[in-house]
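The chain contents come next:
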Amino acid sequence: MKPKHLSFLLFFFICIFSASAFAYGNTATKTEPQNNEMLRKHMSHMASEWVNLEILSSSAEINYKEVAKTLKKMKNTAQIISKMNKNTKLESPIISLISQMETMQKHLKNKSPELLHQDLDFLSQTCFACHQAHANP
Ligand code: HEC
């Protein structure tokens, strides 16, 4: 291969490399606002479900059927977040949030107000811990 060809080839590679690096950088900056928008939307659903759980659990006669329904909705929301999320740092806290909700669902069979209050406290701590680490709402 003639040196002239070689330098042309090199030039060609540099062009491809910088174009793909540019494209990669571009998608990285594009997905973050989209991911945050998705998070905000589903997080506010989860927040209203959380408020409902707090209200239901503070009643003198706890309606466990309603609690179970609300918790199921909340878990569905968390699963949607987990599926759509593109921020790798958030993956493991979302998974532990979901498994916490699953434990809570199992505990509901006991119909114990103490256990429900304790589980709700733990759940809230998980919400707050993740916000402190990754967001400031
Ligand atoms: C995996 C980490 C994580 C967990 C766990 C988590 N959140 Fe969030 N939440 C976020 C992030 C990140 C944002 C901010 C998104 C943004 O605006 O950039 C957010 C935003 C929010 C918002 C603000 C939405 C808005 O309209 O701006 C609310 C409300 C919220 N979360 C509620 C909750 C509740 C309730 C829980 C627990 C059931 C919870 N979150 C658990 C990461 C988490």
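Structure first, text after, so check above.
Since the model is a prediction, treat every value here as computed from it, not as a measurement.

Is there a simple way to think about helix 3 (residues 88–107) in this case?
An α-helical turn contains 3.6 residues, so any two residues separated by three or four positions project in the same direction. Here helix 3 is 20 residues long and its end C-alpha atoms lie 30 Å apart, about the 28 Å a rise of 1.5 Å per residue gives. Buried residues belonging to helix 3 abut helix 2 (64–84) and helix 4 (113–134).

When you look at the packing of helix 3 against helix 4 in this model, what are you seeing that I'm missing?
The relative placement of two packed helices is expressed as an angle between their axes plus a distance between the axes. Their axes nearest at 10 Å, the elements helix 3 and helix 4 cross at an angle of 175°. Here helix 3 lies roughly antiparallel to helix 4, going by the angle between them. Contacts between helix 3 and helix 4 involve K89, L90, P93, S96, L97, Q100, M104 and H107 from the former and L115, D119, F122, L123, T126, C130 and H134 from the latter.

Help me understand the environment of M101 in this model?
Tracing the backbone shows M101 in helix 3. Measuring from C-alpha to C-alpha, the distance between M101 and K72 comes to 8.4 Å, with 29 residues separating the pair along the chain. In this view, M101 contacts L71, M74, K75 and A78; residues no more than four positions away in its chain are not counted.

For this particular structure, what's the right way to read the packing of helix 2 against helix 3?
Here helix 2 crosses helix 3 at 160°, and the two axes come no closer than 10 Å. Overall, the two elements helix 2 and helix 3 adopt an arrangement that is roughly antiparallel. Classified by chirality, the crossing of helix 3 by helix 2 is left-handed. Here helix 2 contributes A68, L71, M74, K75, A78, Q79, I81 and S82 to the contact with helix 3, which in turn contributes I94, I95, L97, I98, M101, M104 and Q105.

Sorry, what's going on with helix 2 here?
Counted at 1.5 Å a residue, the expected span for helix 2 with its 21 residues is 30 Å, and the 30 Å between its end C-alpha atoms agrees. Within the span of helix 2, buried status applies to V67, T70, L71, M74, T77, A78 and I81. Down the axis of helix 2, the buried side of the element spans an arc of 120°, and every buried residue falls inside it. Pointing more than 90 degrees away from the buried face of helix 2 are the exposed residues K65 and K83.

Sorry, what's going on with the site of the ligand here?
Taken together, 20 residues lie around the ligand, and N36, M43, C127, C130 and A135 are the ones closest in. Among the elements of the structure, helix 1 (3–57), helix 3 and helix 4 are those that each provide at least two residues to the shell around the ligand. Looking at the shell around the ligand element by element, the count peaks at eight residues for helix 1.

Calculation notes
Residues numbered from 1 in each chain as written. Predicted model: local features only at pLDDT ≥ 70, side-chain atom pairs only at ≥ 80, totals over all residues. Helix = DSSP H or I, 4+ residues; strand = E, 2+ residues; numbered from the N terminus. Expected span 1.5 Å × (residues − 1). Contact = placed C-beta atoms within 7 Å. Axes fitted to C-alpha atoms, helices over the stretch in contact; angles between N-to-C directions. Parallel < 35°, antiparallel > 145°, perpendicular 65-115°, else oblique. Left-handed = near helix turned anticlockwise from the far one by under 90°. Buried ≥ 20, exposed ≤ 12 C-beta atoms within 10 Å, placed from the backbone. Arc of directions from axis to C-beta. Near = placed C-beta within 6 Å.

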